[in-house]
Amino acid sequence: MASWLGGLGSGLGQSLGQVGGSLSSLSGQISSFTKDILLEGTEEVGDAPTELQVSSSRLREIESTHATQRLENERLKKVCSDLEEKHEAAELQIKQLSIEYRNQLQQREVEISHLKARQNALQEQLQKLQTTAQSAQLGAGVLPPTTTSASFVPVVRHHSSGFQGDDMDFGDIIWSQQEINRLSNEVSRLESEVDHWMQIAQSSRVQGTNNADKSEICKLQNIIKELKQNLSQDIDEHQHELSVLQDAHRQKLAEISRRHREELSEYEERIEELENQLQQGGACIGITDYSKISDLQKNIQILQTEKLKDTHNMKELEDKVKNLNEKLCSVENENKILLNERELVKMENSQIQEYERLKSEFIKLQNYVAEQETLLKEQGKKLTLMTSSEEEVLRLQQALLDAEKEIMRLNILNQTDSFIGAGEDGLKVKTDMQVLKEENHKLGKEKEELQKKLASLQHKDEDVTSASIEDMNLELNQLRQELERKEHELKESITERATLTAELEELDKQNQETVQHMIILKEQLSKQHTEADSTINQLKLDIDSERRKISEVEAEKMEMSKELETQKLKMNHCTFALNDLHMSNQQLQHNIKDLQEQLKKFQDCNLNNKKEIAELKQNLKQKEKELSVSQNKLTKIINQESNSNYQDLSLKEREAEIEKLNKDISENKQLNQNLEKSVCDLKIENGKLLAVCEELKQQLHEAFAEKNKFSLEKDTMLEALKMEKGQLETELSQTEKRLLEQAQKYEQTIEDLSNARNMNTDALQLEHERLVKCNQERDFEIAEFKRNIEQMKADHEETKEMLTTSLGGQKQLTELIKEKEMFVEKFKNRALELQQELEEYVKDSKKHEILRQNLEEKDKSLAAMKEENNHLKEEIERLKDQQSRSPPVAEPKTLDIITELETEIAQLHVIKNNLEEEIKLNKKTIEDQSQKTVQLQQSLQEHKREIGESKFQYEQMNVTHEKLFLEKDEEIKSLQKTIEQIKTQLHNERLVFQTDSSDLFQETKAQALNGENGNEKHDLSKSEIERLVKGIKEREREIKLLNEKNVFLTQQIDHLSNDQVGKLTQIIQEKDLEIQALHASISSSSYRQDVLYLQQQLQAYAMEREQVLAVLSEKTRENSQLKTEYHKIMDMVAAKEAALMKLQEENQKLSNKFESSSQDMFRETVQNLSRIIREKDIEIDALSQKCQTLLTVLQTSNIGTDSGSGGVNSNQFEELLQERDKLKQQVKKMEEWKQQVMTTVQNMQHESAHLQEELHKLQAQISVDSDSSSKLQIDYNGLIQSYEQNEKKIKSFSQELAQVQHSIGQLHNTKDLLLGKLDMVTPPMLMASSVAQTSDIQSNTPPEIVSDASKLLQQELEQLKKMLQEKDDTIRTLKENNQRLSDSMAITLELERKGQKDTDPEMKQIKGKCDVFQKSLRDKDLLIKSKSDQLLSVSENLSNKENENELLKQAVTNLKERNLILEMDICKLKEENEKIVSRCREKETEFRALQETNMQFSMMLKEREFESHSMKEKALAFEKLLKEKEQGKMGELNHLLNEVKSMQEKAVSFQQERDQVMLALKQKQMESSALQNEVQHLRDKEQRLNQELERLRNHLLEMEDSYTQEALAAEDRETKLRKKVMVLEEKLLLSSTAVENASHQASLQVESLQEQLNLVSRQRDETMLQLTMSQDQVKQYALSLANLQMVLEQFQQEEKAMYSAELEKYQKQTAEWKKKAEKLEGRVESLQESLGEANAALDSASRLTEQLDLKEEQIEDLRKQGEIKQEMLEDAQNKLMNLINSTEGKVDKVLMRNLFIGHFHTPKNKRHEVLRLMGSILGIKKEELDQLVSEDQKGVTRWVTGWLGGGGAGSKSVPSTPIRPNNQSVFNSSFSELFVKFLETESRPNLPLPTLSVHDMKPLGAAGICNPSSTRSSSHTETTGSGTSRRPDANPFLAPRSAAVPLITPTSLGAGGSGHLLMKPISDALPTFTPLPVLPDASAGAVLKDLLKQ
């Protein structure tokens, strides 16, 4: 924009300057026109019709101007409409592009948001793991409250980072605002320049330029309007762009906020689903018995067999590790070799310039940063997706900074170029001043020649008679006055010239200094600016602008030369031309002032440039510091590599330990294969993400390229329009000047004719009219010839300047091309280095990661192995102890359960065998794959051999390529098959793992229950309790071991999958290398098309490879998800372990209390232990269900139902039914989740299909681009051919020009010959006419005058008589010659007229040819511009290709292909260089041809000089002959005085004829002097040309041969010219002989002349009278002239007033417009502010609506949850009612039997106590009991009847405890034992308790810890209340553990004592999974004590 605005400003200035010049010339012409009209008015006009004619002529002029203005208005309207259409089309294009860009951005942002969501989930899981690990290490049972808050922290952080990604949009907005500010500053600057030019125009008008036409003012107004429209359009465009950017930014913000809310909602839904799953996960598996020991023994045997297999597998793994170590060593050796090569390359590239080094190292730093970020990705494994987006943001910001730097650099270049253009303007002013000096010199020479001619005339006049002396004296006085005036004018012009020269010298010095300074600046900039394409484009644009300036300056020169010619013509006729000279001087002074102002501006620009250079140097220093820092980092990385070698040794030592410990690991292979497949999926996903990133980058670059192309097209359109406008303006000005000149000439002829009419005598009138017509014709001819000469000169100068500029441009282009080649080579070398370093760093990073993973895995495996060994030893000992003990007799029910379990185990074994067979099959497939890889390697070697053969045979090469592609397809298919197999294997192994875990949990539960039975039957001894505790601890250790095993196996599988992927990538790389080698072998021109086809195929295969990698990345992602779920389960297990530790401590405390306390306390501890065991069972069931939720939900439900059937009691059976319902619900939910997963998988498949379609589209686009590039190359070649044809045409035209010039020279020669003949023929004819006149006059003269004359002429008569006697014979001969000459004169006159008629059409033809040449030159200029534009477009294409190459550097496989492409580009550049060299040679040939034409011109000039010399010699000889004749006459008159009287009349007539001949000679001499001046001008130009030629000789030494040939040609021409001179000398001799003959004839005519002497004297007197009359007329003319001047001055004053008034009007209008514009700008700003506020309000409203929607969704979710809970409650209440109804009428027979027998067993003294106890249990009051006891006789019967009747209130509360009758041990047990059992059954919970996740655990500080008494009281109130009474926070998902499971039994067991669990109390005091130590007041023991006391 800056360059365009600068061009606009310069164009404005130049157009205003031209307007000033045209105004001055028009003012002069109008003044002369008005003078002529006024003269006519004073002399002729006195009547109305003439005034009407004048007014009508003025009306016509006004109408013509009006018509021209209308035409211009129409043209401008058309231009405006075209521009508006273009603007609309451009806006539509911009909108489409912006819409596409926004869509792409939205897509990418959606992907980024998904990736961020994944990352946030992974980070949350990480933090959870860390917190759980810390809690496990510290042994704290309570999780810290920071877990919930910490999980949400990274989400917020990543949101902020997500918003950071929008920095690019903010940067764009800031940049656009800066651009708008800069444009407004430039607009203000342009307005100030316009004001400045307006002031100059006003001042020039005040000084005398007020006579300009109104038409030009209208033109200026139209120009100003156009500029204002353009300004407004530009402002509108920028505002539109701003609004578009703001809309895009707002849309982005809205979308990001919307996504954030969606993510939050998704997270909440996921959390709710997890909570539901956790609550529904509490399932209870049935009780198992000691029969599990046999199952465990079998499992141990199976484990031992699997141990052997695992040892074998571990050996294989160790072998693989060794192989990997060997590969590592080889890779390190290769790295060393590459390092050596890199050092060599660094030594070679040490000579590269600093700027390139900095740029390349900056790129290296960027790559290094990217590598470090990749390292961080692979270390974190979960932060991969975030860094890629951050890298993109950084890269985009850097691209923005680079673009801003390029804009700054372009502005600097524009400023420097404009400064150079100003210097060149100064040089042009110098040349103008030199032309003025030469013209002044010519005027001085003319003055000297006039003086010489006056002296010669004086000599001649002394010989003539006294009458003629008096006439000559008068004429001499007039001439002297004119000479004095001219001398005065010359002095003034000399003084002005001196002042101008002084000012010009100062300007020259300043210009030289500035030019030198700018040259230095340019050299510095050329070193720093590497991007040569942009500089070439700018230089070409500047060259175009300079050519325009040159053409404008040349037009100004032409105008100045025309004005000077008109001044010369006016100097001959009048003195009005001085005013024009003064005006031109004033204009020059103004121009000098403008130049001084420009110089000041340029100096300021220089200062700014210096400051910018200093800033650039500072930036360079900073970059160097950053480079040093990066080098230090590189050295550190190399040191780390050395440390890695030491780590290898430690790895080997640890591997030896791993071999010993790996014997005990089981089930490795299955998990290995599963995790390998998951790793493959993850890698495929990574590949897909990389491909997406690359696509984004390519789309961004394409968008930038399209923007650049669009701006270039706009610039070219504007430049073409400007060029057309300038050409039209110059043509209009030239036509106007020609018309004005013709009008002036016609006016002069009218004046002459009017003057001639006023003559008195008829004879004088006729002669005067004839002479005026002749003069007019001659003036027209001279003007036409001068125009032709000037046009030829201008054409010659233009051609010369074109040649010089083209040569300079070609040199610059060649130098730039060389520099570009150097840069390309350097960049290629640098690129190779960087690629090598990249590969090294990537390999090193991979090695480091592999080593770290190996170390970590081996450390973990060591620890795990040691712990596993210890635990296995303990398990073996424990199992031996169990075997040594005798198992108790199992019940038949337990035997049924054992049989069912055995069948299940058998089924599981079958499944295991199947899985093992599948594993074997998988092993076989892996071995086949390895064999296939070996075969592939062999085939690769074979293909290498085929490649060697393909260098000689092209067809074989194609066959090999097809084979390679087929093999790759097979590999891809095999990989896909293996992936599917791995997926199936993963599924199966998960099943196995979950079944094993379920078995283990069943075993633990069986042991626990067996322990309980043992306690009951062995009187609950202390040793058995301790054994139970130990069993729990061992089970916990087993769980830990299994978890550690799982972790270790997953790590090993990751490692193995990485190895396999590395092998596959190596194979792919080898194949890519082979393909690249093939490409290198086929680099010849004949194979290029095939190579292009093969490259396209290779790209397609690369895309397929990326797809495969994307599939691998997906698998790895799935693996990572499974790992996260596994880690969550581990967290849960750790929490449970912590709870178990606390329970163990409580058990120890209770055991200590048991020793001291009584049997009641013992019972309390037993109850606590039983409750804890049940809670443990519930927790273990929850864990098992958590493990089985992935794919085996149905199996767990079946197991749950089976185990539930083995329950002993009816209560347990109901509990199992409820658990089955819950499990069914969970199964449904899992099935729904499974369907969701399936839908997501299908969506992923659809997305992959869409991606493939996009890939195909991209490939099609690439093919289209390649086709378009080939078409462009063809068009370029065609243009080059057309350019060469045009150059040939130019050569032919130059030859035609030379021929035309030769014909002109011949015409000039013929003209000169004709003029010479005329000079020879005219004198005798004039003498004859004078004789006739004197004869008429003599008759009229009186005798007195004759006598006076005779007295004066007596002395002369004596001398003449002597002469007449001697010359009688000669006079006779002269008479005869006179007659002959008169005849010849008539003939020659006719010939001359014919020759003029012939020459007129020839001149017209010449003019037509000149016009054709000018048109052809303009066409050539346009062609050159179009070619420059094409070059620009080609350079842009090149730059785009280079950008694409830089983008594709990251892909390792495509590097060599890109190198080949670069080599092809170098070949193309070389071809272009050769073409440019050929063009240079053609230009040199053209230059030689022009030099030859120059020599021809010089020869023509020399010929003309010789002709002028010959003319002068002829004139001198003629004068000598005349003198001799006069002397001869005087001698004869002395002897023959008598005869003279008869001849006097003839002599007087002869003298008059002689005078006329002299006047004609003077005219001819004047013309010859003018020709001499022109010749001198041409000689000066020749000298300049010679100087330039010498300069060119210094630069072009190769041209010496051509110069020698030209010298030979010049010698030939000299010989020809000498011959011509000889011919001319011969002609001179002939003419001298003719003159001698004429003199001889004149001597014969003396006698007749003596008779005419009397008539001569009379005629002399008459001429004296006529002279006096003519003097009076002259005085009258002077008076009329003075009157005219007065009238003119009045007219000018009136015009000045008119113009000033109009100017003031226009200024007022402009001020008003400016005010309006300011008001409109204010309105626009206010509207923008209101728009911003409205947008902010809309954003806030949208946010509020979104928040409302979210709240409504939450409310709906909560309502749904409430409805679900109400349904659950209703179901529970219904079940409770059913239970109550079922148990109300039933009686527990066993309990009744025991109570009855116990009553009778007791002694009679204590039976009443037993009755009271029974009554208290049954809820009978004390009063009724006392009555029963007091009544001894009736009491028993009533008690028995009441007991057996079962109608009491107590029977409702007693639950049924069914015991089989065959269970005989019950009868043997005591009453206390039965009572304890009863209490245990009552305290046992009926429903499975819901377990909560780690997230929902409530900390201790959540609620205030209340006293137990208060909690108890609250619980009583709640239980006694209605069943539907609820707490305020009744959400079951947020309820703590203590709320779900009451740890304290209520004291009172009334009628509602046996209520449902959901109706039992909820206490907030207790934390999750951590029961408080039970106080004695609130325990079950306290209840027993109260009962005993009563």
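I keep staring at the nonpolar core and nothing clicks. Help me out?
Looking at soluble globular proteins, one finds that nonpolar side chains tend to be buried together. L1357, L1360, L1364, L1536, L1537, V1540, M1543, A1547, F1550, V1646, L1649 and L1653 together form the largest nonpolar core, which totals 12 residues. When contributions to this core are tallied by element, the ones reaching two or more residues are α22 (1354–1366), α25 (1537–1541), α26 (1544–1595) and α28 (1646–1649). Those residues in contact with L1536 that sit more than four places away from it in its chain are L1357, E1358, L1360, K1361, K1362, L1364, Q1365, D1368 and Q1650. The next biggest cluster of nonpolar side chains, apart from the first, holds 9 residues, and it includes L500, L504, L588 and I592.

Mind showing me how you'd approach a positive patch on the surface here?
Judged by side-chain charge, K1715, K1716, K1719 and R1723 come together as a positively charged surface patch. Tracing the chain through its elements places K1716 in helix α29 (residues 1653–1784). The exposure class of K1716 is partly exposed, given its relative accessible area of 45%.

Teacher, can you tell me more about the packing of aromatic side chains here?
Aromatic ring pairs are described here by two measures, namely the spacing of the ring centres and the angle between the planes. The final tally for this structure, using the stated rule, is 4 aromatic pairs. Consider the rings of F965 and Y1101, whose centres lie 4.3 Å apart with planes at 20°: the pair is stacked. Of this pair, F965 sits in helix α15 (residues 954–1017) while Y1101 sits in helix α17 (residues 1088–1156), and the two are 136 residues apart along the sequence. Accessibility classification places F965 together with Y1101 in one group, the buried group. Against the face of F362 rests K623, its NZ or CZ located 5.2 Å from the ring centre.

Would you take a moment to explain the side chain of K858 for this structure?
Looking at where K858 falls in the secondary structure, it is placed in helix α13 (residues 762–884). K858 gets classed as buried once you look at its relative accessible area, which sits at 9%. Ignoring anything within four residues of it in the chain, the contact list for K858 reads V321, L651, E655 and I658.

Is there a simple way to think about the pattern of salt bridges in this case?
Two side chains carrying opposite charge are able to pair once their charged atoms lie near each other. Counted by the stated rule, this structure contains 35 salt bridges. Here E797 ties to K1581 by a salt bridge, and the two come within 3.0 Å at their closest N and O atoms. One end of the pair, E797, is in helix α13; the other, K1581, is in helix α26, and 784 residues separate them in sequence. It is possible to trace a salt-bridge network through shared partners that takes in E109, K252, E255 and R259.

Whenever I open this one, the confidence of the model for the protein chain confuses me. Can you help?
Close inspection of predicted coordinates is inappropriate for parts of the model with low pLDDT. The share of residues in the protein chain with pLDDT of 70 or more is 75%, and the mean pLDDT across the chain is 76. For the protein chain, per-element mean pLDDT is lowest for helix α3 (residues 146–164), which scores 38, and highest for α29, which scores 90. The low-confidence segment residues 1200–1208, where pLDDT is below 50, has 20 contacts with residues more than four positions distant or belonging to other chains. Below a pLDDT of 50 lies the segment residues 1833–1868, which in the model reaches 41 contacts outside its immediate sequence neighbourhood of four places, other chains included.

About the cut-offs
- Residues numbered from 1 in each chain as written.
- Predicted model: local features only at pLDDT ≥ 70, side-chain atom pairs only at ≥ 80, totals over all residues.
- Heavy atoms only, no water.
- Core = buried A, V, L, I, M, F, W, Y, C linked by side-chain atoms within 4.5 Å.
- Buried < 20%, exposed > 50% of the residue type's maximum accessible area, 1.4 Å probe, protein only.
- Helix = DSSP H or I, 4+ residues; strand = E, 2+ residues; numbered from the N terminus.
- Contact = heavy atoms within 4.5 Å.
- Patch = residues over 30% accessible without salt bridge, like charges linked within 9 Å, V, L, I, M, F, W, Y side chains within 5 Å.
- Areas by Shrake-Rupley, 256 points an atom, 1.4 Å probe, with all protein chains shown as cover.
- Salt bridge = Lys/Arg side-chain N within 4 Å of Asp/Glu carboxyl O.
- Lys, Arg positive; Asp, Glu negative; His and termini not counted.
- Charge placed at Lys NZ, Arg CZ, Asp CG, Glu CD.
- Phe/Tyr/Trp six-rings, centres within 6.5 Å; stacked < 30°, edge-to-face > 60°.
- Lys NZ or Arg CZ within 6 Å of the ring centre and 35° of its normal.
- pLDDT = per-residue confidence, 0-100.

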